[in-house]
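This is what each chain is made of:
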Amino acid sequence: MKILIIDDQQLVLLSLEKALTDLGYEVQKAENVENGIALYEDIKPNLTIVDINLTGNLNLQEAVEISSGLEVVQYIRQTKMDTKTPIMVLSGNTDEEVIVRSYDLGIDDYMKKPLSLSEIAARVKRLIGVPTEKEINASSVTKEQYIQNKCVGIVIPCYNEEKRLLGEDFKNFVHKNLGYHLCFVNDGSKDRTLEVLQELRKGKEDYISIYDCEKNGGKAEAVRLGMLHLSESSQFDYIGFLDADLSTNFEDFQGLAETIYNSKYKLVFGSRMARMGADITKQSARAIISKTINFIIRKTLGMEINDTQCGAKIMTKEIIEKTFQEKFITKWLFDVEIFMRMKKIYGSKETQALILEKPLNRWIHADGSKLSMKDSFKIIGQIGQIALKYR
């Protein structure tokens, strides 16, 4: 049984291909409209799975411009007059008109992301049955693996993080959340961080990558290089960064991601604000210094931001392209520099409209964080550097 999958997100294609191949189906995949239609003509699939938000520019003989997954459906049903091949639409688009139009064009099933691989497998079996026992692979679809409605890259700077990386948090996250890619930036670590990362990546090469910096350039440069590296890939809708100590956990980061998906914001960032129901812990002295520094930063920025320094942010590629090209001048306050650069590009009022500060549900001060109390005092001087540079 042959299945054609058309989706412009590589992570989605790979996940679906593996899951359905493991169940015994013969899978062919295409990343764009033109290749998808060519494969449809070539293999005559028993089922076509197509994402609704594809982009392309193929002019057919009928002079119909193909610009989305719906146009693929139109090509199969109307141009080729094929009413027998089942078509399944897989999409994060919840627009009621789009869904109605999909069924009007003749699709057989519409699945809204995020959804589990086990649910997709069940729907495929319902539409075209199961392969013969001889064809079925011994492995099967693992439960609780989810195709996300967007593809997100996360940069994680690492300097001597061997012990933290030995846990199962990172591996479990990419196993379950198939729309995410973790890019670990090894920032000249002197311990076994690089070896541990290479072991962590085994078997997950499509979901975990390593950007190795031979020399330690500081967190700012590690994040900058990682963000630029991921932005070169066309598959990511958004890219963010997260600290290796997971003081902000993946659950909160996913909250930031969901917020930016469903809004017009170009940058959404976590805020360690003490509030009812939140688990925010800091050492008392550190908390006082943080409040003082935040006050000075707000005055320097001229913007009402409660917490610029939370190491959890997600943004569009536009922001990366416009604010990450030039090296940051400070080691720890590059987050402030991002906002300052945005102000120079968009203006203060527009920048405030493009960013959103989202309170975290949890933030824990991890033992062994590299920013000491002594370092905190040095930040005052770095704020002065920023004020002079971006005035």
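Right above here is the structure, for reference.
Residues numbered from 1 in each chain as written. Predicted model: local features only at pLDDT ≥ 70, side-chain atom pairs only at ≥ 80, totals over all residues. Heavy atoms only, no water.

S.K.: Tell me about the overall build of the chain, and please be specific about residues and values.
M.R.: In terms of regular secondary structure, the chain is built from 15 helices and 18 strands. A separation threshold of at least 6 residues defines the contact pool for the chain, and within that pool the share at least 24 residues apart is 75%. Accessible area of the chain: about 18400 Å², with a carbon and sulfur share of 47%. (Helix = DSSP H or I, 4+ residues; strand = E, 2+ residues; numbered from the N terminus. Contact = heavy atoms within 4.5 Å. Areas by Shrake-Rupley, 256 points an atom, 1.4 Å probe, with all protein chains shown as cover.)

S.K.: Can you lay out the environment of Val152 for me, pointing to particular residues and giving the numbers?
M.R.: The topology assignment puts Val152 in strand β10 (residues 152-158). Using a relative accessible area of 0% as the deciding quantity, one classes Val152 as buried. Put simply, Val152 and Gln235 are 83 residues apart on the chain and 8.4 Å apart in space, counted from C-alpha to C-alpha. Every residue in contact with Val152, bar those within four places of it in the chain, is listed here: Gly179, Tyr180, His181, Phe236, Tyr238, Phe253, Tyr261 and Ile314. (Buried < 20%, exposed > 50% of the residue type's maximum accessible area, 1.4 Å probe, protein only.)

S.K.: Give me helix α10 (residues 250-261): which residues, what numbers.
M.R.: End to end, α10 covers 16 Å across 12 residues, agreeing with the expected 16 Å (1.5 Å per residue, within 8%). Residues of α10 that are buried include every one of Phe250, Asp252, Phe253, Leu256, Ala257, Thr259, Ile260 and Tyr261, and no others. (Expected span 1.5 Å × (residues − 1).)

S.K.: Describe the packing of aromatic side chains, listing the residues and the values that go with them.
M.R.: Per the stated rule, a full pass over the model turns up 10 aromatic pairs. Aromatic pair Phe328 and Phe334: ring centres 5.6 Å apart, planes at 45 degrees, arrangement tilted. A relative accessible area of 10% means that Phe328 is categorised as buried. By relative accessible area, Phe334 is classed as buried at 1%. The ring of Tyr40 has Lys44 lying over it, and the distance from NZ or CZ to the ring centre is 5.8 Å. (Phe/Tyr/Trp six-rings, centres within 6.5 Å; stacked < 30°, edge-to-face > 60°. Lys NZ or Arg CZ within 6 Å of the ring centre and 35° of its normal.)

Honestly, that's just the spatial picture; any functional story needs more than this.
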